[in-house]
Amino acid sequence: MTPRRTAKNRLFSAAAAALVLSAFLASALSAQTGPTATPPYTISVFATSQNGYSQPDSITRWKNSILIGFGNGVAKDCTDGKSSTIVQYSLSGVLERTFSVIGHNDGLRLQPNTNKLWALQCEDGNPNLVIIDLETGAQSLYTFPPTPHGGGYDDATFRDGQVYITASNPTLNGQGVNVFPALVRVTSLASGVVTVEPVLYGNATAIDIPTGTTITLNLTDPDSLTVDDRGNIVLDSQADSELVFIRDPLTANQTSGRLSITSAGVATTLDDTAFATSSGVSGAFLLVADLGGDAIYRIDAMPWGFEPGVAYSASDTVGIVATLNLDTGALTSIVTGLVSGRGELFVSPAGARR
């Protein structure tokens, strides 16, 4: 015989049901933690921080290996004497070996057609450069003379046999303007010292890309560098929510275009921007470092792959990876839920045309 349900029984059943529902919702929310991708994009873990290294940032490739710089919470002005870790992975995320460099690593680039990895340390002050021969593992340490802008050097890129570096953390004048070089070119590595010359000043004249009007820049936070499909150097002035496109950098015809970055109409900072390979390689994927999440993620675009030439940007402040409209500066999210999106790299499969 079924027992008669008293008011007490009903209250107990309701409470039990509430507990079950609460547990279910908590489980569902837990399953949704971490970044998520909007179809047709998917996201998966490529690698995570371990073995005492943390805070992944810059990413580059050598042959069929991926190299990632881990800042390890080291002082950005080289004042604590601690070291960053550069970790080499296979294309599937298997750890292969590690390197240690003195100072906070930020910029990490492979010199084209060589085995030389350029690692820049201490973007806020007292910068150094370490060049690692990836065939032998040998390291060469270079120092910089006192910087004219008072800060350090952040990121490097290679174009037409030249090396360009961002002059980061500049001292501003009394009006809050950066009147110092924001982009420099390496002219010499003689006697273990990096010599540079100005390419673009922080208060240079530029064209505002959406409107076509002439403006005066104020690059208060030069940060990441890359080169787009048209050969323009692309400088990210992070705190200013701007990208600057520099054409013909070492000629009398040098011109610059400024693109202000927004997400849902609000100014948004970027840490890095990568351009999908122009060759349209099948099976290519995008890596993004989540510094605050201590993980590196792999993003795939199924079933057709990434559209060649499209810009994909990672934001450190709103935790997204997004397509970037190069005419308006508007971001459209494809991944949300990162803690702090940082370095990016498009990767072609082993043996694919790059």
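Here the structure is a predicted model, which is why all the values come from computation and not from measurement.

Caption draft 1: Quick look at unusual backbone geometry. Geometrically, the link from Pro39 to Pro40 is a cis peptide bond, its omega value of 10° lying close to zero. Note that the residue after Met302, namely Pro303, is joined by a cis bond; omega there is 0°. Along the chain, the position of Pro303 falls in the loop between β25 (295-301) and β26 (311-314).

Caption draft 2: Structural context of the state of the cysteines. In the structure shown here, the tally under the stated rule is 1 disulfide. Disulfide pairing places Cys78 opposite Cys122 at an S-S distance of 1.6 Å. Its S-S torsion of about 80° marks the bond between Cys78 and Cys122 as right-handed, since a negative value means left-handed. You can see Cys78 sitting in the loop between β4 (65-70) and β5 (83-90) and its partner Cys122 sitting in the loop between β8 (116-121) and β9 (128-133), a full 44 residues away along the chain.

Caption draft 3: Structural view of the pairing of β5. Counted residue by residue, β5 has 7 buried out of 8 residues, so it is predominantly covered. In this sheet, β5 lies alongside β4 in antiparallel orientation, the contact comprising 6 bridges. Bridging across to β5, Phe70 finds its partner in Thr85. Pairing between β5 and strand β6 (residues 95-102): 7 bridges, direction antiparallel. In the sheet register, Ser84 faces β6, and the bridge partner there is Val101. Taking the residues between adjacent antiparallel strands as the criterion, β5 and β6 are bridged by 4 residues, where Gly93 takes a positive phi near 90°.

Rules and cut-offs
- Residues numbered from 1 in each chain as written.
- Predicted model: local features only at pLDDT ≥ 70, side-chain atom pairs only at ≥ 80, totals over all residues.
- Heavy atoms only, no water.
- Helix = DSSP H or I, 4+ residues; strand = E, 2+ residues; numbered from the N terminus.
- Disulfide = S-S within 2.5 Å.
- Buried < 20%, exposed > 50% of the residue type's maximum accessible area, 1.4 Å probe, protein only.
- Pairing = 2+ DSSP bridges.

Don't take any of this as a statement about function, it's just geometry.
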